[in-house]
Amino acid sequence: MTTIAFKDGRIAADSLACQGYTVIGESEKIRRIQSVLYGRGFAAAAGRAQDAEDFYEWLAVGGKKPVFDESFNGIFCNSGGATLFDFGLTPLNHSAPFFAIGSGMDFALGAMAAGA
(Lines give C-alpha, C1' and ligand atoms only; values in the text may rest on other atoms or scores of the structure.)
Protein backbone atom coordinates (compact mmCIF):
# COMPACT_ATOMS: atom_id res chain seq x y z
CA MET A 1 0.00 0.00 0.00
CA THR A 2 1.49 3.29 -1.08
CA THR A 3 0.46 6.92 -1.35
CA ILE A 4 2.65 9.44 -3.14
CA ALA A 5 1.40 12.97 -3.74
CA PHE A 6 2.74 16.01 -5.60
CA LYS A 7 1.50 19.57 -5.18
CA ASP A 8 3.07 23.03 -5.39
CA GLY A 9 6.50 21.64 -6.23
CA ARG A 10 6.52 19.27 -3.25
CA ILE A 11 6.43 15.51 -3.18
CA ALA A 12 5.28 13.49 -0.16
CA ALA A 13 4.86 9.78 0.54
CA ASP A 14 3.85 7.44 3.30
CA SER A 15 6.47 5.09 4.79
CA LEU A 16 4.42 1.92 5.27
CA ALA A 17 5.98 -1.25 3.85
CA CYS A 18 3.64 -4.16 3.17
CA GLN A 19 3.81 -7.57 1.63
CA GLY A 20 0.32 -8.14 0.32
CA TYR A 21 -1.89 -6.92 3.17
CA THR A 22 0.69 -7.65 5.87
CA VAL A 23 2.63 -4.73 7.35
CA ILE A 24 6.34 -5.59 7.39
CA GLY A 25 7.85 -2.27 8.49
CA GLU A 26 8.78 1.10 7.06
CA SER A 27 10.38 2.17 3.82
CA GLU A 28 11.70 5.44 2.39
CA LYS A 29 9.68 5.84 -0.77
CA ILE A 30 11.22 9.08 -2.02
CA ARG A 31 14.80 9.01 -3.31
CA ARG A 32 17.16 11.81 -4.22
CA ILE A 33 18.33 10.94 -7.75
CA GLN A 34 20.99 12.33 -10.08
CA SER A 35 19.42 11.20 -13.35
CA VAL A 36 21.28 11.02 -16.64
CA LEU A 37 17.88 11.47 -18.27
CA TYR A 38 16.28 14.26 -16.22
CA GLY A 39 18.99 15.85 -14.04
CA ARG A 40 18.95 16.17 -10.26
CA GLY A 41 15.68 15.67 -8.44
CA PHE A 42 13.50 13.32 -6.44
CA ALA A 43 11.83 10.08 -7.50
CA ALA A 44 9.14 7.91 -5.96
CA ALA A 45 7.34 4.79 -7.11
CA ALA A 46 4.20 2.82 -6.34
CA GLY A 47 4.09 -0.89 -7.04
CA ARG A 48 6.38 -3.82 -6.25
CA ALA A 49 9.54 -2.96 -4.29
CA GLN A 50 11.80 -4.47 -6.97
CA ASP A 51 10.07 -2.39 -9.64
CA ALA A 52 10.77 0.74 -7.59
CA GLU A 53 14.47 -0.17 -7.30
CA ASP A 54 14.65 -0.83 -11.06
CA PHE A 55 12.97 2.53 -11.73
CA TYR A 56 15.47 4.42 -9.56
CA GLU A 57 18.38 2.67 -11.29
CA TRP A 58 16.96 3.38 -14.76
CA LEU A 59 16.57 7.08 -13.89
CA ALA A 60 20.13 7.23 -12.58
CA VAL A 61 21.98 5.42 -15.37
CA GLY A 62 19.54 5.20 -18.31
CA GLY A 63 19.92 2.27 -20.66
CA LYS A 64 17.39 -0.42 -21.46
CA LYS A 65 13.97 0.16 -19.91
CA PRO A 66 13.04 -2.42 -17.27
CA VAL A 67 9.82 -4.42 -17.61
CA PHE A 68 7.32 -3.61 -14.87
CA ASP A 69 4.14 -5.08 -13.49
CA GLU A 70 1.08 -3.12 -14.71
CA SER A 71 0.49 -1.79 -11.19
CA PHE A 72 3.70 0.32 -11.38
CA ASN A 73 3.65 4.13 -11.48
CA GLY A 74 6.57 6.45 -10.89
CA ILE A 75 7.22 10.14 -10.39
CA PHE A 76 10.33 12.22 -10.99
CA CYS A 77 10.32 15.85 -9.93
CA ASN A 78 12.81 18.68 -9.92
CA SER A 79 12.75 22.46 -10.24
CA GLY A 80 11.28 22.05 -13.74
CA GLY A 81 8.17 20.29 -12.43
CA ALA A 82 7.10 16.68 -12.21
CA THR A 83 6.88 13.82 -14.68
CA LEU A 84 4.62 10.81 -14.20
CA PHE A 85 5.57 7.41 -15.62
CA ASP A 86 3.35 4.42 -16.31
CA PHE A 87 4.47 0.78 -16.26
CA GLY A 88 5.99 1.16 -19.75
CA LEU A 89 8.06 4.16 -18.53
CA THR A 90 6.12 6.42 -20.85
CA PRO A 91 6.39 9.99 -19.55
CA LEU A 92 2.82 11.18 -19.02
CA ASN A 93 2.10 14.83 -19.65
CA HIS A 94 -0.35 16.48 -17.29
CA SER A 95 -1.68 19.91 -16.51
CA ALA A 96 -3.28 19.17 -13.16
CA PRO A 97 -2.23 21.42 -10.26
CA PHE A 98 -1.64 18.29 -8.15
CA PHE A 99 -1.69 14.52 -8.54
CA ALA A 100 -1.10 11.30 -6.64
CA ILE A 101 -0.25 7.66 -7.31
CA GLY A 102 -0.59 4.46 -5.33
CA SER A 103 -3.40 2.68 -3.56
CA GLY A 104 -4.15 5.76 -1.43
CA MET A 105 -4.27 8.18 -4.34
CA ASP A 106 -8.03 8.81 -4.15
CA PHE A 107 -7.72 9.93 -0.53
CA ALA A 108 -4.70 12.12 -1.32
CA LEU A 109 -6.46 13.73 -4.30
CA GLY A 110 -9.53 14.45 -2.17
CA ALA A 111 -7.42 15.98 0.59
CA MET A 112 -5.50 18.18 -1.87
CA ALA A 113 -8.73 19.26 -3.59
CA ALA A 114 -10.00 20.32 -0.17
CA GLY A 115 -6.88 22.45 0.39
CA ALA A 116 -4.41 20.11 2.09
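I will try to describe carefully the structure that is included in this document. (Residues numbered from 1 in each chain as written. Predicted model: local features only at pLDDT ≥ 70, side-chain atom pairs only at ≥ 80, totals over all residues. Heavy atoms only, no water.)

Turning to the sheet that holds strand β2 (residues 10–13), a few remarks are in order. Taken together, three strands build an open sheet; the order of strands is β2-β1-β10 and the sheet is antiparallel. The sheet is open, and its two edges are formed by β2 and β10 (98–101), each paired on a single side. Along the sheet, successive strands turn relative to each other by an average axial angle of 15°, direction set aside. Summarising the sheet, strand β1 (residues 4–7) and β10 pair through four bridges and their orientation is antiparallel. Directly across from K7, in β10, lies its bridge partner F98. Along the sheet, helix α2 (residues 105–113) makes contact with β1 and β10, crossing β10 at roughly 160°. (Pairing = 2+ DSSP bridges. Helix = DSSP H or I, 4+ residues; strand = E, 2+ residues; numbered from the N terminus. Axes fitted to C-alpha atoms, helices over the stretch in contact; angles between N-to-C directions. Contact = heavy atoms within 4.5 Å.)

Any functional reading would require information beyond the geometric quantities listed.
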